[in-house]
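# Working through the structure, step by step
Okay, here's what each chain looks like letter by letter:
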Amino acid sequence: MKKSIDGNALVYCDGAFNTPNGKTAHGLVRFTERYNVVGVLDAKYAGRDAGEVLDGKPSGIPVFATIDQAIETLNASGNNPKSLVIGLAPDGGRLPQEAKATISKALEMGWNVDSGLHDFLTNDAALMAIATKNNCRIRDVRKTPDRDKLHFFTGDIEKVDCLKLAVLGTDSALGKRTTAWLLVHGLRDAGQKAEMIGTGQTAWMQGAKYSMVMDSCINDFVSGEIEHAVVSAYKNEDPDVIVIEGQGSLMNPAYPGGFEILAAGRPDYVILQHAPKRLEYDGFPGYKMHSLAEQINAIEVISGKKVIAITVNHEDMEEDEILEACKQITLETKLPAFDVLKYGAKELVALLKEKIQ
């Protein structure tokens, strides 16, 4: 069994796995140092391998229809969970009412429960009573720290003397975090010291040591928290490269993200994640996505820094379309384009290594 921070975990994602609303579960299936994921809950894919459903690559993580089915199977194999992790990431971060029965069952079993939703489980008196009775923990990852624990922007970011990269996107729910992790791991495999700066709840759940949760942070402190995470990573780890996970996109009507990352993280270069088949902003039919050229221009005007590469999300694409899509993006933008989830990050890492002083 692999070593993890918080031990075995069952991930709740009923009705959302393999959809944009399941992106927290997707991240945990692909990679996490915080948990040893031993199963996923989603009745639609019960009996299948979670990695095979998600990426066509078996992960050894089974999908179960119910928590009772998971308990029976996992107990028999000696993979008893210590935690239930809410793997949902719906618009607005609300908890479906039907999830509470599963959460209650987990707490009755004495498991800890971790949630990254905006609906805080610690505000639910009934759930907290069960947790107290069974001496287990409920942790709301998106709960904002007290103001005296938050940081204001200081300008210390200017002392960070290593390559800083931001992985931004042309839309939300696009794979920015996955690309950022693949870059970090690819750089490490190439002999570079690389650190990930998480800016959302899922990166924290995946074990990002230096992270903040941007979309629930009080606005006055967002820039300071980004800066603090970057500066702390630099001081404590002495990395060659720092990779900052993006949030939303500059022009998404509901999730305009990236401004603070550009302003406070002050990246040297930007890598831009893009889904060529996506025509409208995530979750908002009728809101046509701005062109790739417009999005690149906006980033470069705001930051004064260059977009150095495009990373491609291959959603809704056949395998034989992917490389052609990368080629067309390069013809359109004069920038190299890579699908790092499908083909790995080696080519992009080779490009980035040239920028490391």
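Up top is the structure.
Think of each chain on its own: its residues are numbered from 1, step by step along the sequence as written. Given that the model is predicted, a residue must reach a pLDDT of at least 70 before its local features are reported, and side-chain atom pairs must reach 80 or more before they are shown or counted; all residues, however, enter totals for whole chains, interfaces and linings. Processing note: side-chain calculations cover all non-hydrogen atoms of the structure and skip hydrogens and water entirely.

### Section: the packing of helix H6 (residues 176-189) against helix H13 (residues 346-353)
Their axes nearest at 9 Å, the elements H6 and H13 cross at an angle of 70°. The angle between H6 and H13 places the two elements in the roughly perpendicular class. The chirality of how H6 crosses H13 is right-handed. Packed against H6, whose contacting residues are Leu183, Gly186 and Leu187, the element H13 presents Leu348, Val349 and Leu352 at the interface. Here the axes come from fitting lines to C-alpha atoms, over the contacting stretch only for helices, and the angles between their N-to-C directions go from 0 to 180 degrees. A run of H or I in DSSP becomes a helix once it reaches four residues, and a run of E becomes a strand once it reaches two; helices and strands are each numbered from the N terminus. Working rule for angles: under 35 degrees goes down as roughly parallel, over 145 as roughly antiparallel, 65 to 115 as roughly perpendicular, anything else as oblique. In a left-handed crossing the near helix is turned counterclockwise from the far helix by less than a right angle, and in a right-handed crossing that turn is clockwise. Two residues form a contact once any of their heavy atoms are found within 4.5 Å.

### Things to note about the sheet that holds strand S11 (residues 269-274)
By this definition, two strands are paired if DSSP reports at least two bridges between them. Spatially, S9-S8-S10-S7-S11-S12-S13 is the arrangement adopted by the 7 strands of the open sheet, whose pairing is parallel. In this open sheet, the two edge strands, each paired with only one partner strand, are strand S9 (210-211) and strand S13 (337-338). Taken together, the 4 bridges between strand S8 (residues 194-198) and strand S10 (residues 241-245) define a ladder with parallel strand orientation. Along S10, the bridge assignment pairs methionine 196 with valine 243.

### Some thoughts on unusual backbone geometry
Backbone geometry places alanine 173, a non-glycine residue, at a positive phi of 50°. Tracing the backbone through its elements, the reader meets alanine 173 in the loop between strand S7 (163-169) and H6. A positive phi angle, near 50°, is found at aspartate 238, a position not held by glycine.

### Points about the sheet that holds strand S5 (residues 112-115)
Read across the sheet, 6 strands follow the order S3-S2-S1-S4-S5-S6 without closing on themselves; strand pairing throughout is parallel. Looking along the sheet, the strands with just one partner apiece sit at the ends: strand S3 (63-64) and strand S6 (138-140). Across 3 bridges, S5 lies against S6 in parallel orientation. Residue aspartate 114 lies in a different strand from S6, and its bridge partner there is arginine 139.

### As for the packing of aromatic side chains
Pairs were defined over the aromatic rings of Phe, Tyr and Trp, the Trp ring being its six-membered one, requiring ring centres within 6.5 Å. Orientation was assigned from the angle between planes: stacked under 30 degrees, edge-to-face over 60, tilted for the rest. The final tally for this structure, using the stated rule, is 4 aromatic pairs. Ring centres 6.3 Å apart and planes at 75° place the aromatic pair phenylalanine 17 and tyrosine 45 in the edge-to-face group. With phenylalanine 17 in the loop between strand S1 (8-12) and helix H1 (23-30) and tyrosine 45 in the loop between strand S2 (36-41) and helix H2 (50-55), this residue pair connects regions lying 28 residues apart in the sequence. Residue phenylalanine 17 is classed as buried on the basis of its relative accessible area, which comes to 1%. Type-normalised accessible area, obtained with a 1.4 Å probe on protein chains alone, sets the label of each residue: buried when under 20%, exposed when over 50%, and partly exposed for intermediate values. For tyrosine 45, a relative accessible area of 10% gives the class buried. Summarising the aromatic geometry, the rings of phenylalanine 152 and phenylalanine 221 are spaced 6.4 Å apart at their centres and angled 85° between planes, so their arrangement reads as edge-to-face. Note that phenylalanine 152 is positioned in the loop between S6 and S7 and phenylalanine 221 in helix H8 (residues 219-237), a separation of 69 residues in sequence. Residue classification places phenylalanine 152 among the exposed residues on the basis of a relative accessible area of 55%. In this structure, arginine 34 is placed above the aromatic ring of tryptophan 204, and the distance from its NZ or CZ to the ring centre is 3.7 Å. To sit over a ring, a charge needs its Lys NZ or Arg CZ within 6 Å of the ring centre and within 35 degrees of the ring normal.

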